[in-house]
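One-letter residues, chain by chain:
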Amino acid sequence: MTGYKADSPLYNYLLGLADDELILGHRDSEWCGQAPLLEEDIAFANLALDEIGHASLWYNLVAMLSKQDPTTYPDQLIFTRHPEDYRNIQIVELPVGDWAYSVLRQYLFDAYELTHYTKLMQSRYPPMAEVAAKIRNEEIYHIRHSSSWVQRLGKGTAESQRRMQNALNELWPYTGQFFQPMGGNELLVDSGYVPDSGQLQLNWEGNVVPFLQESSLEVPLAPRQKLSREQHTPHLKILLSEMQSVARLDYEAGW
Amino acid sequence: MYGTTTDPVEIDNDEVGKLLQFEARIARGEKIEPGDWMPPEYRRQLIRMISQHAHSEIVGQLPEGAWITRAPSLRRKMILLAKVQDEAGHGQYLYHAAETLGATREELQEALLTGRAKYSNIFNYPTLSWADVGVIGYLVDFAAILNQTMLAHCSYGPYARAMVRICMEENFHKKQGQDIVITLARGTRHQKAMLQDAINRWWWPTLMMFGPPDNDSPNSAILIRWGIKTRSNDELRQDFLNKIVPELHDLGLTLPDPELRYDEEVGNWCYGAIRWDEFWQVIQGKGPCNKERMEARIRAHEDGRWVREAVEAYTQKKWPRFQVFVQEKSGAPHEDAGSVHAPDAEMALLNARDVFARRPACVSMWVVPVESIYSKTAQELGNSTSQRILDKDHSGYSSESASRESANSDHHSESDQQITGISTYEVFCKVKEAGTQTHVGEVEASSPEQAMERAVEKYSQVRKPLVWWVCPAHVVTQSKPDEVESMYAPARDKTFRMSTDFHTVSAMRQIRDGKPTTKDDR
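All values reported here derive from a predicted model rather than from experimental measurement.

Draft legend 1. Molecular detail of the overall build of chain A. Helix and strand content of chain A: 10 helices and 0 strands. Listing every helix and strand of chain A by position from the N terminus yields α-α-α-α-α-α-α-α-α-α. Its C-alpha atoms give chain A a radius of gyration of 18 Å, within 12% of the compact-globule value 18 Å for 255 residues. Projected onto its principal axes, the C-alpha coordinates of chain A cover approximately 55 × 45 × 30 Å. Expressed as a percentage of the 255 residues in chain A, the buried residues total 62%. Counted over contacts in chain A with a minimum sequence separation of 6, partners at least 24 positions apart contribute 80%. In the form shown here, chain A has an accessible surface area of approximately 9,200 Å², with 52% of it arising from carbon and sulfur atoms. Here chain A contributes 20 positive and 34 negative side-chain charges, whose respective centroids are spaced 4 Å apart.

Draft legend 2. Looking closely at the overall build of chain B. Helix and strand content of chain B: 19 helices and 11 strands. Looking at the 522 residues of chain B, the share that counts as buried comes to 58%. In chain B, the proportion of contacts linking residues at least 24 apart, taken out of those at least 6 apart, comes to 72%.

Draft legend 3. Just the pattern of salt bridges, in detail. Within the structure shown, the criterion is met by 46 salt bridges over all chains. Among the salt bridges present, the one from E205 of chain A reaches R224 of chain A, with a minimum N-O distance of 2.1 Å. Linking E205 of chain A in helix α9 (residues 197-214) with R224 of chain A in the loop between α9 and α10 (234-243), this pair joins segments that are 19 residues apart in sequence. The network of salt bridges with common partners includes D86, E169, R358, R359 and R497 of chain B.

Draft legend 4. Summary view of the packing of aromatic side chains. One pass over the structure, following the stated rule, counts 32 aromatic pairs over all chains. Ring geometry for W31 of chain A and F44 of chain A: centres 6.3 Å apart, planes at 75°, overall edge-to-face. On the criterion of sequence distance, the pair formed by W31 of chain A in the loop between α1 (9-29) and α2 (38-65) and F44 of chain A in helix α2 is long-range, its members being 13 residues apart. Residue F44 of chain A is classed as buried on the basis of its relative accessible area, which comes to 1%. With a centroid separation of 6.2 Å and 80° between ring planes, the pair formed by W366 of chain B and F428 of chain B is classed as edge-to-face. Placement of W366 of chain B in strand β5 (residues 364-369) and of F428 of chain B in strand β8 (residues 423-430) is noted, with a sequence separation of 62 residues between them. The burial state of W366 of chain B is the same as that of F428 of chain B; both residues are buried.

Draft legend 5. Examining the nonpolar core more closely. W58, L108 and L212 of chain A together with W203 of chain B are the most contacted members of the largest nonpolar core, which has 213 residues in total. Domain assignment of the residues forming this core places at least three in each of domain 1 (15-301 + 494-512) and domain 2 (322-479) of chain B. Of all hydrophobic cores here, the second largest spans 11 residues; its members include Y425, M452, A455 and V470 of chain B.

Draft legend 6. Representation of the state of the cysteines within the structure. Taken as a whole, this structure holds 0 disulfides over all chains when the rule is applied. There is no disulfide at C289 of chain B, and the cysteine sulfur nearest it, in C32 of chain A, is 18 Å away. Assessed through its relative accessible area of 2%, C289 of chain B is described here as buried.

Draft legend 7. Structural context of the domain arrangement of chain B. Residues and elements named next belong to chain B. Looking at the assigned domains, one finds that chain B contains domain 1 (15-301 + 494-512) and domain 2 (322-479). Relative placement of domain 1 and domain 2: their C-alpha centres are 33 Å apart. Facing the 29 residues of domain 1 at the interface are 23 residues of domain 2. Summed over both partners, the interface of domain 1 with domain 2 comes to about 2,100 Å²; 44% of that surface belongs to carbon and sulfur atoms. The tally of links between domain 1 and domain 2 comes to 5 salt bridges. Residue R359 is joined to E169 by a salt bridge in which the shortest nitrogen-to-oxygen separation is 3.1 Å. Counting across the domain 1 and domain 2 interface gives 15 residue pairs in polar contact (both at pLDDT 80 or more). Put simply, the parts of the chain that give the side of domain 1 that touches domain 2 at least two residues each are α1 (16-27), α4 (74-99), α5 (105-113) and α7 (157-185).

Criteria and cut-off values
Residues numbered from 1 in each chain as written. Chains lettered and ligands numbered in written order. Predicted model: local features only at pLDDT ≥ 70, side-chain atom pairs only at ≥ 80, totals over all residues. Heavy atoms only, no water. Helix = DSSP H or I, 4+ residues; strand = E, 2+ residues; numbered from the N terminus. Rg over C-alpha atoms; globule rule 2.2 N^0.38 Å. Buried < 20%, exposed > 50% of the residue type's maximum accessible area, 1.4 Å probe, protein only. Contact = heavy atoms within 4.5 Å. Areas by Shrake-Rupley, 256 points an atom, 1.4 Å probe, with all protein chains shown as cover. Lys, Arg positive; Asp, Glu negative; His and termini not counted. Charge placed at Lys NZ, Arg CZ, Asp CG, Glu CD. Salt bridge = Lys/Arg side-chain N within 4 Å of Asp/Glu carboxyl O. Phe/Tyr/Trp six-rings, centres within 6.5 Å; stacked < 30°, edge-to-face > 60°. Core = buried A, V, L, I, M, F, W, Y, C linked by side-chain atoms within 4.5 Å. Domains from an automatic or database assignment. Disulfide = S-S within 2.5 Å. Buried area = accessible area lost by both parts, 1.4 Å probe. Polar contact = N/O pair within 3.5 Å; in protein donor to acceptor, adjacent residues only side chain to side chain.

This is the structure in structure tokens:
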């Protein structure tokens, strides 16, 4: 695609943040009109909207950093990039699964974001600190919502516990990628731009593991994957071919 | 007016006085509130209409929802998500209005899923291109606005209030649709063709949305007589045509009606014959998408069963309904906004936030189990001693988690009440016909009945309230002040869901003034 250049570790870091939010928001939006309760149709649309809104904030920073027009560059990135150029982690691109799967993924990701953004608020790169602080506000609400559900479904009926446990067994290996540093990460950490991912992982596990156990779920022992953000499942390609289908009718046209 | 032979209402002779009084109230423009006397047929018609309307919002998520994942820009994606979310929210407001008449959401949903209840035919047509999203917002939502603006003045208080809330949001729906249409109309040849095709397909179904012609509309007479509707189907349809046709012409679009012409004498756009046979076919389930839409709803319901069961098992009770009171700005009183279903007070607060604070007008919320609210209308106070509780489910409920009294040590707590028998009650009143229940203060009492008496004594001085609610202070769960930033502040940044964010009026003016309408004529 035009204009895409992985020109700095910071660019890649921001793009990773933006792509994670966008792709998870896309998956959440698939629940529109399909949720188990009317109140959750509304809540999940809300989550989707927030995640996509966060993506927009990060893409704007990406545009700013690469001296591109913030009114057009984000859409160009989203709608013309190929799957192999996306920098999201795999957990967000997996299909929605059942409600247990979607709720648990949301919880694991919310906990990661909250941990991450709490540190990122102190970034020595002011635009990043500012956006992180803004997003973190909404993440406090997100985790309240998703943890309420994890708890209620984990401790609900035998069936809900079984579905949650299955979801955890499937999703757990993917959580390793939350903390997999990207190329050039040390430089960003050393300059105080981004937090050390090893420390983030400890913080995240310190919150998530006891909470899952309190919710009657057994944390799997399976090793977690340490994939790079350049590796994707086949699901991303399918997702993007749908997401880009209208825009691809005519890239140059205004929509 | 009353004695016509076609009167569908069977009236017990003893009830004639009540009916005359009821119709006189409607003639005076008073709102009927839950608890007031109403003819059974009024209640039945309202439940039928409101639930049909609610189902339309719920099913209406599907045709547009299918395009969220394909919206061609980040901004359009957010707008469409917000719009479809509003539709679920409108369904929620409307189910609430029906619930105040004694119907339960479960019964209403059951009626939808088994095909007994209807929803708007328009949602049984397929959305085939991105232009359909624009045309639905522009035409279908505009048609809905005309109908809903009328219903915002209807005689039943809770329905009118739901409509006021909905109308404010529908304006955003129409404008976002019009914005897409304008963009496509000014776009490439391919985009224009896509738009024209969408107009051709949606035109007639939109005209049918107003319902059958007046001479074939079985419910219209009674609905108009009782102030539920104030304009007939044909009047609304004509109003729609007169407003929309010139705009569509300005946009360079043609309409698929060779008989469409302007009648200078009466000032109306006259239209060709509507194919009512198609309308009745679709109502009977034979539309292009009836099966698909119902299957989607049934699947969502079936797939969600284990979730609902799990939460009931967790809380060990059926889901209560929570009345939601919203404070729009610091210092303002909390006002009734509607209700949400939730397994417990914590989830009720979260749900209430998503349902009632999508747009920035909230700094604090209270949720109160509906069955703990003790209510009386002015009519009940004047006419009888009959007292009632808002919900028909009287199962005892005791609030858990942070109740309001814990935030204020002056209040008598639940345990104080056990010792002294006295507790604090919150008092809410509606003083204006078109108003809503507003928090006015507190009284101390040993029972809801006594709280009501004391509330009437204490708060009748200035204006005579029309409806009174009291509830024990300890069943009120409130959002905490330090949650404002995470719960309600983010809505301020979502300007794209405000109708003021769309400059459709100036764009239409530019188009009329002959500014270039084609960006690219490839």
